[in-house]
Amino acid sequence: MLIDLHTHSAVSDGTQSPAQVVHSAAEAGLDVVALTDHDTTAGWSSAAEQAVREGVRLVPGMEISSTAEGISVHLLSYLHDPGHAGLLDVVERTRHSRLTRAERMVELLSRDVDISWDDVRDQVQDGGSVGRPHIADALVARGVVRDRTEAFAGLLSARGAYYVRHYAPDAVQAVRLVVAAGGVPVMAHPMAHLRGRVVGDEVIASMADAGLAGLEVYHRDNDGAAQAHLLDLSRELDLLVTGSSDYHGTGKPNMLAENTTEPEVLAEIEARASGTRVVG
Ligand code: AMP
Ligand code: ZN
Ligand code: FE
Ligand code: FE
């Protein structure tokens, strides 16, 4: 039984449609896949239709951008009610802020490199969740950089001159909203040092107090020492342990099923959720 609980489609910053992600999941031999686009559930319905066609089980999810003490925290939500007003409000605000922030970054970049907002708009689906990867794709199309990785290492780095922040809710508030929406909150790649600063254990403990259900321990951005520490912490705080790929199609090297989640853990996630059901 192969279970991968973290993937992205072109509804956010993956390169495949939601249906193609599900098709690729079936080809990779997965029995269960979660679609977790950044701050949107717009891909759920077409992914669900494809899951039924392919005989793959789909866990509808979302990856919520949040912050704690100025540090970016990604929160996976599984099986929440997509119509919950409080949660919708927050992610709509985030998506809007992502858009104005991307426009501002492009304005700054355009002073030094050949890029315009039209180039970026070409890379984004209507109503999609805009991120730095779309700016990266526009830079690739213009021949400024070779690929997304090069763009993130240089021009789009959070430490660079063109970086602009976007609105995101506080991490504890995000956990509470997911729980209120009947979802199951799991902290994504909790110790992904390469992406920037990560929060300390006390922040994770306060999220656990608010209802955090689990930690995504097995993710390529948590190194071996980080995984060992997170396993200890999950025992201490009585949290579930998940593993996932964070697949983005060809937008990242992460391969479907490169990390997986135990069936018992998925069963526990299903048992705790009341917002919506696993499809298939
Ligand atoms: P943003 O949320 O707009 O600040 O962009 C960050 C997103 O870009 C992350 O959630 C990743 O999915 C993606 N990302 C981060 N680093 C890289 C990279 N080196 N190559 C491709 N995508 C990346
Ligand atoms: Zn992403
Ligand atoms: Fe993430
Ligand atoms: Fe992700």
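So, here's what we can say about the structure. Small disclaimer: the values here were computed from a predicted structure and weren't measured. (Residues numbered from 1 in each chain as written. Chains lettered and ligands numbered in written order. Predicted model: local features only at pLDDT ≥ 70, side-chain atom pairs only at ≥ 80, totals over all residues. Heavy atoms only, no water.)

Right, let's get into the side chain of Ser24. With respect to the helices, strands and loops of the structure, Ser24 is situated in helix H1 (residues 18-27). Overall, Ser24 belongs to the buried group, its relative accessible area being 11%. (Helix = DSSP H or I, 4+ residues; strand = E, 2+ residues; numbered from the N terminus. Buried < 20%, exposed > 50% of the residue type's maximum accessible area, 1.4 Å probe, protein only.)

Of the protein atoms, only His6 (NE2), His8 (NE2), Glu63 (OE) and Asp246 (OD) coordinate the iron ion (ligand 4), at distances of 2.1 to 2.3 Å. Considering all 4 donor atoms around the iron ion (ligand 4), the spread of angles at the metal, 76 to 162°, places the coordination shape in the irregular class. Sequence spacing among the residues donating to the iron ion (ligand 4) works out to H-x1-H-x54-E-x182-D. Here the iron ion (ligand 4) and the zinc ion (ligand 2) are spaced 4.4 Å apart. Linking His6 in the loop between strand S1 (3-4) and H1 with Glu63 in strand S3 (residues 57-68), this pair joins segments that are 57 residues apart in sequence. Given the relative accessible area of 1%, Glu63 is considered buried. (Donors = N, O, S within 2.8 Å, 3.2 Å for Na, K, Ca; no water. Tetrahedral: all angles 85-135°; square planar, octahedral: opposite > 155°, others 65-115°.)

As a further point, take the nonpolar core. Ranked by size, the top nonpolar core spans 31 residues in total, and within it Leu75, Met187, Val199, Ile204, Met207, Leu212 and Leu215 carry the most contacts. Elements that contribute at least two residues to this core include exactly S3, strand S4 (71-78), helix H3 (85-110), helix H7 (171-180), helix H8 (201-210), strand S6 (214-218) and helix H9 (224-236). If sequence neighbours within four positions are ignored, Leu212 has contacts with Leu75, Val175, Pro185, Val186, Met187, Ile204, Met207 and Leu239. Val106, Val113, Ile115 and Leu156 belong to the second largest nonpolar core, which has 21 residues in total. (Core = buried A, V, L, I, M, F, W, Y, C linked by side-chain atoms within 4.5 Å. Contact = heavy atoms within 4.5 Å.)

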